[in-house]
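Fold and geometry: a report
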Amino acid sequence: MTDSDTKARLLAAYDQQLRTDAETPSAVAVKELGPLRLVKFLGGRGFITYQDLAGADEQGIRGLVEAAVSHFEGQPDITKVEWKTRGHDHAPGLHEALIANGFTEDEPESIMIGEARALSTAVALPHGVALREVTDEADVRAMSAMQDEVFGEPVSDEMADALLHRLSLDDGMQLWVAEADDQIVSAGRLEPVPGTAFAGIWGGATRAEWRGKGIYRALTARRAQAALEMEKTLIHSDSTEFSRPILERSGLLKVSTTTPYRWARS
């Protein structure tokens, strides 16, 4: 099987298995609007996704965008919304409709997919660095604060609160960190997707002074091992251009792109 055939197979699995309710396991409410799924999360966050746009033309897509914005505008507790686009979708006029309705375009990310067993390899860690799964509140908050710092965001309780809520649901999500001298230097989470062959790896972040030492690759390999223990055979992730080469070296393939568009209440 050629790389092209493999990518097509993996992308088809992604569209069929993940672009459903499986994509938003922590949603507190979901409303269907034509082909769209309008999702509400804790913390005043809205999210818009879909399996496809049902062949809508430019006018139809503009109407869907306007209706989605109206839906969230009518919920005062929603302060920000993400519309998740995919590069391989047929979506005429979507970019223009989103911009016209107050969304701003983020940087595109790569949709990465690979076989879990290919990622589950032994990776040597630097001396003094160890991996472990975390579940205690203090550890989760320390992990979340480190990720905020690495991503250049103000340290807040928002993500930590969401992760602690997810852990309380006992839905299989795992949080993994790498530590050195009792300090978290890298972290990421594993999210098995019920009813599918997939587990997602998300939130990967490594402190600048610890990059280039194989720590993130080791963290990826350990999460792949955990996925296999859950009988998940495929790994997926939306990757920035910084982490894409690392995941490619670990065996994941870029099958498409995804670009977030963000709306904030004025």
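Now for a description of the structure that goes with this document. (Residues numbered from 1 in each chain as written. Predicted model: local features only at pLDDT ≥ 70, side-chain atom pairs only at ≥ 80, totals over all residues. Heavy atoms only, no water.)

Moving on, we get to the overall build of the protein chain. The helix and strand tally for the protein chain stands at eight helices and 12 strands. Against the compact-globule benchmark of 18 Å for 266 residues, the protein chain has a radius of gyration of 19 Å, which places it among compact chains. Looking at the protein chain residue by residue over its 266 residues, the buried ones come to 46%. In the protein chain, the proportion of contacts linking residues at least 24 apart, taken out of those at least 6 apart, comes to 72%. Counting 28 positive and 42 negative side-chain charges, the protein chain places the centres of these two groups 3 Å from one another. (Helix = DSSP H or I, 4+ residues; strand = E, 2+ residues; numbered from the N terminus. Rg over C-alpha atoms; globule rule 2.2 N^0.38 Å. Buried < 20%, exposed > 50% of the residue type's maximum accessible area, 1.4 Å probe, protein only. Contact = heavy atoms within 4.5 Å. Lys, Arg positive; Asp, Glu negative; His and termini not counted. Charge placed at Lys NZ, Arg CZ, Asp CG, Glu CD.)

Taken as a whole and judged by the stated rule, the model has 23 salt bridges. A salt bridge links R141 to E137, with the shortest nitrogen-to-oxygen separation between them at 2.9 Å. Of this pair, R141 and E137 both sit in helix α5 (residues 137-150), four residues apart, which is roughly one turn of the helix. One salt bridge connects E149 with R207, and the closest N-O pair in it is separated by 3.2 Å. Placement of E149 in helix α5 and of R207 in the loop between β10 (198-206) and α7 (215-229) is noted, with a sequence separation of 58 residues between them. Residue classification places E149 among the partly exposed residues on the basis of a relative accessible area of 43%. With relative accessibility at 17%, the residue R207 sits in the buried group. (Salt bridge = Lys/Arg side-chain N within 4 Å of Asp/Glu carboxyl O.)

A few words now on the nonpolar core. Among the nonpolar cores identified, the biggest contains 21 residues, and L36, I48, V65, W83, L94 and F103 are the most heavily contacted of them. Sorting the residues of this core by element identifies β2 (36-41), β3 (45-50), α2 (58-73), β4 (80-86), α3 (94-100) and β12 (253-264) as the ones contributing at least two each. For this core, the element with the highest residue contribution is α2, accounting for six residues. Residue contacts for I48: discarding those within four places in its chain leaves L36, R37, L38, A68, F72, V81, E82, W83, K84 and F103. One finds M112, A227, I235 and L252 within the second-largest nonpolar core, a separate group that totals 14 residues. (Core = buried A, V, L, I, M, F, W, Y, C linked by side-chain atoms within 4.5 Å.)

Before going further, it helps to examine the packing of aromatic side chains. Applying the stated criterion to the full structure yields three aromatic pairs. Measuring from centroid to centroid gives 6.0 Å for F41 and F47, while their planes differ by 55°, and the two rings are tilted. The exposure class of F41 is buried, given its relative accessible area of 11%. Of the residues examined, F47 reaches a relative accessible area of 10% and is grouped as buried. These aromatic residues form a ring-pair network of at least three members: Y50, W83 and F103. (Phe/Tyr/Trp six-rings, centres within 6.5 Å; stacked < 30°, edge-to-face > 60°.)

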